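Below, each chain spelled out in residue letters.
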Amino acid sequence: MSETDYQRKLGARLRAIRQQQGLTLQRVEELSEGKWKAVVVGSYERGDRAVSVAKLAELGEFYNVPVSELLPKDDLPTAQHTTPPSKVMLDLRRLSRSDLDPELRSVSRFAHTIQLQRGDFNGNVLTIRGEDLRALSVIFGTEPGELVGRLEDEGILAHV
């Protein structure tokens, strides 16, 4: 499945959740006090615009739905059907390095969002669930195991 196909399926899922809640695009903009512009949410729903991990997490929070529920269920690429690790531990100090690969900055933003949601600010490590890892791997267009390998290579995984 191409990236564009996946964006469309993700968009269809976002639209379905919005409609399940009885919201129009205009009402989303009103309820969010302009944070979520109707035109932007509509472009996510059509698959015309890619949604970042951080924005997906924020949209999930707005809809009061876990990020994993925003992801399409039935049509995940075959590689996504592998069982991801039940959890991984991120080394937050290493993740906040100034020389972090720019491609991995979204992992840092995702981890920060999880910290905010959990109120977990120990500052050293953050454990993320397999579902969160799967969401990240979808955004990166890879299998969870491959993403774990990449994080390992970058020295971002904590080993306790």
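Nothing here was measured: the structure is a model prediction, and the numbers come from that model.

## Focus on the packing of aromatic side chains
Two aromatic rings are characterised by how far apart their centres lie and by the angle between their planes. Counted by the stated rule, this structure contains one aromatic pair. Positioned above the aromatic ring of Trp36 is the side chain of Lys55, whose terminal nitrogen or guanidinium carbon lies 5.7 Å from the ring centre.

## Some details on the pattern of salt bridges
What the rule picks out here adds up to 14 salt bridges. For Arg27, the salt bridge goes to Glu30, with nearest N and O atoms at 3.2 Å. With Arg27 and Glu30 both in helix 2 (residues 25-31), this residue pair falls three residues apart, about one helical turn. The class of Arg27 is partly exposed, set by a relative accessible area of 38%. For Glu58, the salt bridge is made with Lys35, and the minimal N-O distance between the two is 3.4 Å. Taken together, the positions of Glu58 in helix 4 (residues 53-63) and Lys35 in the loop between helix 2 and helix 3 (38-46) put the pair 23 residues apart, joining distant regions of the chain.

## Things to note about helix 9 (residues 144-153)
The set of residues buried in helix 9 consists of Pro144, Leu147, Val148 and Leu151. Down the axis of helix 9, the buried side of the element spans an arc of 100°, and every buried residue falls inside it. Away from the buried face of helix 9 by more than 90 degrees, exposed residues Gly145 and Asp153 are located. Summarising the contacts, the buried residues of helix 9 are in contact with strand 1 (87-91), helix 7 (105-118) and helix 8 (130-140). Of the residues flanking the end of helix 9, it is Gly155, one or two places downstream, whose phi is positive at about 75°.

## Quick look at the environment of Lys9
Of note, Lys9 is situated in helix 1 (residues 3-20). The spacing of Lys9 and Pro72 is 63 residues in sequence and 6.2 Å in space, taken between C-alpha atoms.

## Comments concerning the packing of helix 4 against helix 7
Where helix 4 contacts helix 7, the axes come no closer than 8 Å and their chain directions differ by 25°. Between helix 4 and helix 7, the angle falls in the class roughly parallel. Between helix 4 and helix 7 the crossing geometry is right-handed. Contact residues: Val53, Ala54, Ala57 and Glu61 in helix 4; Arg109, Phe110, Thr113 and Gln117 in helix 7. Looking at the contact of helix 4 with helix 7 residue by residue, the classes come out as four nonpolar, two polar and two charged.

Procedures and definitions
Numbering of residues begins from 1 in every chain and follows the order in which that chain's sequence is written. In keeping with the model being predicted, local features are shown solely for residues with a pLDDT of at least 70 and side-chain atom pairs are shown and tallied solely at 80 or more, while totals for entire chains, interfaces and linings include all residues. Derived side-chain values reflect all non-hydrogen atoms in the structure, with water molecules and hydrogen atoms excluded from consideration. Each Phe, Tyr or Trp ring (for Trp, its six-membered ring) is paired with any other whose centre lies within 6.5 Å, and the angle between the two planes then decides the class: stacked below 30 degrees, edge-to-face above 60, tilted in between. Only when the NZ of Lys or the CZ of Arg is both within 6 Å of the ring centre and within 35 degrees of the ring normal is a charge said to sit over the ring. The term salt bridge refers to a side-chain nitrogen of Lys or Arg lying within 4 Å of a carboxyl oxygen of Asp or Glu. Elements are defined by DSSP. Helices are runs of H or I of four residues or more, strands are runs of E of two residues or more, and each kind is numbered from the N terminus. Think of it in three bands: with a 1.4 Å probe and only protein chains considered, a residue is buried below 20% of the maximum accessible area for its type, exposed above 50%, and partly exposed in between. Throughout, the arc means that of the directions going from the helix axis to the C-beta atoms. Contacts: residue pairs with any heavy atoms within 4.5 Å of one another. Axis angles are defined between N-to-C directions and span 0 to 180 degrees, where every axis is a line fitted to C-alpha atoms and, for a helix, only to the segment in contact. Any angle that falls under 35 degrees is termed roughly parallel, while one over 145 is termed roughly antiparallel, one within 65 to 115 roughly perpendicular, and all others oblique. Take the far helix as your reference; a near helix turned counterclockwise from it by less than a right angle gives a left-handed crossing, and one turned clockwise gives a right-handed crossing. Classes in brief: Ala, Val, Leu, Ile, Met, Phe, Trp, Tyr, Cys and Pro nonpolar; Asp, Glu, Lys and Arg charged; the others, Gly included, polar.

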